[in-house]
Amino acid sequence: MTSAPVLTLVVLAPLVGALLLALLPREPLAGVRRAALVFSLLPFALSLWMVTSFRAGEADFQFVERVAWIPQFGIEYYLGVDGISVFLVLLTTFLVPLVVLASFGDIHRRVKEFFVLMLVLETGMIGVFVALDLFLFYVFWEAMLVPMYLIIGVWGGPRRVYAAVKFILYTMAGSALMLLAILTLYFLQDKGSASFDYGAVLQLRIDPRLQVPLFLAFALAFAIKVPMFPFHTW
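Residues numbered from 1 in each chain as written. Predicted model: local features only at pLDDT ≥ 70, side-chain atom pairs only at ≥ 80, totals over all residues. Heavy atoms only, no water.

Enquirer: Whenever I open this one, unusual backbone geometry confuses me. Can you help?
Expert: Most peptide bonds are trans, and most residues other than glycine sit at a negative phi. A cis amide bond, omega 0 degrees, links Glu27 with the succeeding residue Pro28. Along the chain, the position of Pro28 falls in the loop between helix H1 (6–23) and helix H2 (29–53). In this model, Val226 is joined to Pro227 through a cis peptide bond whose omega is -5 degrees. With respect to the element layout, Pro227 can be found in the segment after helix H9 (208–225). At Phe63, a position not held by glycine, the phi torsion is positive, near 55 degrees. If you trace the backbone, Phe63 turns up in strand E1 (residues 62–70). Of the residues examined, Phe63 reaches a relative accessible area of 4% and is grouped as buried. The backbone phi angle of Arg110 is positive, close to 50 degrees, even though this residue is not glycine. (Helix = DSSP H or I, 4+ residues; strand = E, 2+ residues; numbered from the N terminus. Buried < 20%, exposed > 50% of the residue type's maximum accessible area, 1.4 Å probe, protein only.)

Here you go:
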């Protein structure tokens, strides 16, 4: 395990950028666009450094940050990356600046709000890839809901309001099932030592009859958010 604040920096950099961008004047638009691009490139630079510093061949999570958050319920601020999630973080931070650049010619109203929401969304996306506490994972998962809803509803196509409402209904249903599955995994543990630690969950011996509905709850939530057929109609 490697202890370093780099993951917190990568996760919070877009959120800090969103707050700073929100303080800027709406005009000139060129300045807002350039600022949004700069704020989106900072997480990419940090994630590049993280990937180059990642030690290949080690099975443990790296860049681990672990602090008690709500200890009475075994909830922690617990972050880390493995050989898969480190590249998912890099992919996310690489794509967001491309989205910002692509939007220069397409977003002409409420430009500042669009970029603020994109940066907030980026924090949520990065968070779900690095959270090693299931409760914290769920917080990041739900944090993506509001900016996605607003982006769809304000800057979407001709049926954007319909799509946004359908999106929120679909994702709330999926999120409710996921929360139920997470709580089930929590209560399956010994009462005195129960936690949302991903590593502790992996050690559970779960009845195969319960494994199937737990898997389906997570799979449905992921399928809706992706979205996968037939949960893509929003």
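Enquirer: Would you take a moment to explain the pattern of salt bridges for this structure?
Expert: In a structure, side chains of opposite charge can pair up when their charged atoms sit close to one another. In this structure the tally under the stated criterion is 5 salt bridges. For Arg55, the salt bridge goes to Glu58, with nearest N and O atoms at 2.6 Å. Judged by relative accessible area, which is 33%, Arg55 ranks as partly exposed. Members of the salt-bridge network, linked through shared partners, are Arg66, Glu76 and Asp197. (Salt bridge = Lys/Arg side-chain N within 4 Å of Asp/Glu carboxyl O.)

Enquirer: Hey, could you run me through the environment of Gly174 in this one?
Expert: For Gly174, the location among the structural elements is in helix H7 (residues 160–187). When its relative accessible area of 2% is taken as the criterion, Gly174 is described as buried. It is 7.4 Å that separates the C-alpha atoms of Gly174 and Ala217, two residues lying 43 residues apart in sequence. Ignoring anything within four residues of it in the chain, the contact list for Gly174 reads Ala221 and Ile224. (Contact = heavy atoms within 4.5 Å.)

Enquirer: Would you explain the packing of aromatic side chains in this entry?
Expert: Think of a pair of aromatic rings as described by two things: how far the centres are apart, and how the planes are tilted against each other in angle. A full pass over the atoms with the stated rule returns 13 aromatic pairs. Here Phe61 and Tyr198 contribute two aromatic rings whose centre-to-centre distance is 6.3 Å and whose plane-to-plane angle is 80 degrees, an arrangement assigned as edge-to-face. Placement of the pair is Phe61 in the loop between H2 and E1 and Tyr198 in helix H8 (residues 198–202), with a sequence separation of 137 residues. A relative accessible area of 34% means that Tyr198 is categorised as partly exposed. Ring centres of Phe104 and Phe115 lie 6.3 Å apart, and the angle between their planes is 85 degrees; this geometry places the pair in the edge-to-face category. With Phe104 in the loop between helix H3 (85–103) and helix H4 (111–130) and Phe115 in helix H4, the pair connects residues that are 11 residues apart, well separated along the chain. (Phe/Tyr/Trp six-rings, centres within 6.5 Å; stacked < 30°, edge-to-face > 60°.)

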